[in-house]
Structure formats: C-alpha cells, structure tokens
Amino acid sequence: MTTPVLPHRTLVGFQPRRCPHCGVASPAVSKVWQQSLGGTNRRGNRVWTAFHCASCGGVILTVNPIDSRGNIGQEIESVFPQEKVAHEDIPPVARKYLQQAIDTIFAPDASAVMAGSAVDAMLKELNYTEGSVYSRVEQAWKDHKLTEGMKNWAHEVRLGANRPRHADSENPHVSPQEARQAVEFAEALGQFLFVLSAKVDRGIAAAKSAS
C-alpha cells in the first residue's frame, strides 16, 4: 500500500512524473478519449480523459471538475491509477530505496536490487545487521518480529544480489514478474513493520486526546 501523490497538473499538456504502469519517467502521453459524465448523487458533471502511454501502452485516466457555468476546471482533481509513492511512515533510508525500486520497475535487475536494499535497511532499523537479508529475516521471525508467512514469502522472492536459490545461477537476470514480486514484498514488509504500527500509535493518541 502506498501514499497517493497528485502534483499540480492541468488538462492541457498533461505530463505525469512517471507512468503509473511501467514507471518510465516523463512518458510521452497522448489523449485518446474524453467524455463529460454526471450522476444523480453529485452536483455538476466531470470531464474524464484517457491518455495513452507510448512506452507501455497503458492508459491513464484523469478527472476534471466542471463549474456551474459549464467551464472545465484546468486543475485535475483525480488520476487513475495513481503514481506509487513509498509510504512516509517507512524510515527515510528504507523509503528512499523502496522509491527507487518502484521508479525502476521497468528495469527489473535494478528494481530488485533496490527492493533488496530497502528490505536490508528495514531490518537494520530493527537492529538486525549481521548476515544476509534472508538469515536476518529468519532471525526476525524467531524473535516474533515477523509472521511465518512473511518469512516464507521472503524466501520466495529475488531481492537483488541476495538470492538463495540454486536456480538463480542459471538465470542471473531478474524477470519483470520477479521484480514486481520483490517490490511488492518490500512494500508489504514496510507496511507490516512500520506503517501499521505508526497508524496504531496515531489512533491511540487521537483516542486519548478525544477522551
């Protein structure tokens, strides 16, 4: 799970920072469809516009409001799918590596290395500093910091140079699917170790302040 980001964009000259599908920076996008649609439970229509990414063929959908005079608002209010951003509750070093893993998903080897670095940094935040990423995951599980499911998942993904499987010597390069799995694991680990606990802490503090 990631924090959505929506920098200032306008309908004319729409330019995402990265394609949310392939991760390519400043992708060439072109408008392929636009329609004004409304509903009975919302005042006024909205303009939906579909843009095509020339790099991967993915479609990005934007939503613009229409004011009471029928003018299309130039500030985009929503983008689907949203650009992926590493959650702010993940510690800074791990968050930076994770963001790099997300941003380089179009280059699987690089993305998997960054995902492995993100996991390494997360474990170091818990003072697991010795041994391979996988041996430290094992120790974190033994110390009840991780569930057995998280431990087993770690051993099934290729985290850059930290690869325990014999088959990897015959297949040195990471496939796009393996890179996505590595990034997904790193994101989930960040959620499990840091984001959920921070959310709980904020919830407890809010409940105490309201009582």
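Conventions and cut-offs
Residues numbered from 1 in each chain as written. Predicted model: local features only at pLDDT ≥ 70, side-chain atom pairs only at ≥ 80, totals over all residues. Heavy atoms only, no water. Axes fitted to C-alpha atoms, helices over the stretch in contact; angles between N-to-C directions. Helix = DSSP H or I, 4+ residues; strand = E, 2+ residues; numbered from the N terminus. Parallel < 35°, antiparallel > 145°, perpendicular 65-115°, else oblique. Left-handed = near helix turned anticlockwise from the far one by under 90°. Contact = heavy atoms within 4.5 Å. Nonpolar A, V, L, I, M, F, W, Y, C, P; charged D, E, K, R; others polar. Pairing = 2+ DSSP bridges. Phe/Tyr/Trp six-rings, centres within 6.5 Å; stacked < 30°, edge-to-face > 60°. Buried < 20%, exposed > 50% of the residue type's maximum accessible area, 1.4 Å probe, protein only. Lys NZ or Arg CZ within 6 Å of the ring centre and 35° of its normal. Expected span 1.5 Å × (residues − 1). pLDDT = per-residue confidence, 0-100. Polar contact = N/O pair within 3.5 Å; in protein donor to acceptor, adjacent residues only side chain to side chain. Core = buried A, V, L, I, M, F, W, Y, C linked by side-chain atoms within 4.5 Å.

**Digging into the packing of helix α2 (residues 108–125) against helix α3 (residues 133–142)**
Between α2 and α3, the shortest axis-to-axis distance is 10 Å and the interhelical angle comes to 40°. By the angle between their directions, the pair α2 and α3 is classed as oblique. Crossing of α2 over α3 shows left-handed handedness. Side by side, α2 and α3 meet where G116, V119, D120, L123 and K124 of the first sit next to V133, R136, V137 and A140 of the second. Its residues placed into classes, the contact of α2 with α3 shows five nonpolar, one polar and three charged.

**What to know about the sheet that holds strand β4 (residues 78–80)**
Sheet architecture is open: four strands sit in the order β1-β2-β3-β4, paired in antiparallel fashion. Pairing within the sheet leaves two strands with one partner each, and these edge strands are β1 (29–37) and β4. Strand after strand, the sheet turns through a mean of 20° between neighbouring axes, direction not considered. Direction of pairing for strand β3 (residues 59–65) relative to β4: antiparallel, over a ladder of three bridges. Residue V63 lies in a different strand from β4, and its bridge partner there is S78.

**Observations regarding the packing of aromatic side chains**
With the rule as written, the count across this model stands at three aromatic pairs. Pairing W48 with F80 gives two aromatic rings, centres 6.2 Å apart and planes at 15°, and the pair type is stacked. Linking W48 in strand β2 (residues 46–53) with F80 in strand β4, this pair joins segments that are 32 residues apart in sequence. Overall, the relative accessible area of 40% leaves F80 in the partly exposed class. Its guanidinium or amino end placed over the ring of W141, K151 lies 4.0 Å from that ring's centre, counting from NZ or CZ.

**Focus on helix α1 (residues 92–103)**
The terminal C-alpha atoms of α1, which comprises twelve residues, lie 16 Å apart, in line with the 16 Å expected from a rise of 1.5 Å per residue. For α1, the full list of buried residues reads A94, L98, Q99, A101, I102 and D103. Buried residues along α1 sit against α2 and α5 (176–210).

**Observations regarding the confidence of the model for the chain**
Per-residue confidence for the chain gives a mean pLDDT of 85; residues scoring 70 or more make up 86%. Within the chain, β1 has the poorest average pLDDT of any element, 89, and α1 the best, 96. A low-confidence stretch, residues 1–10 (pLDDT under 50), is modelled with 27 contacts involving residues beyond four sequence positions or located in other chains.

**Some remarks on the side chain of Q99**
Positionally, Q99 belongs in helix α1. A polar atom in the side chain of Q99 sits 3.4 Å from the backbone oxygen of K84. Ignoring anything within four residues of it in the chain, the contact list for Q99 reads R17, K84, V85 and A86.

**A short note on the nonpolar core**
Among the nonpolar cores identified, the biggest contains 31 residues, and V119, M122, L159, F185 and L189 are the most heavily contacted of them. The greatest single-element share of this core, amounting to eight residues, is contributed by α5. Setting aside residues no more than four positions away along its own chain, M122 makes contact with I90, A94, A186, L189, G190, L193 and F194. Formed by five residues, the second largest nonpolar core is a distinct cluster that contains F14, F51, I60 and I76.

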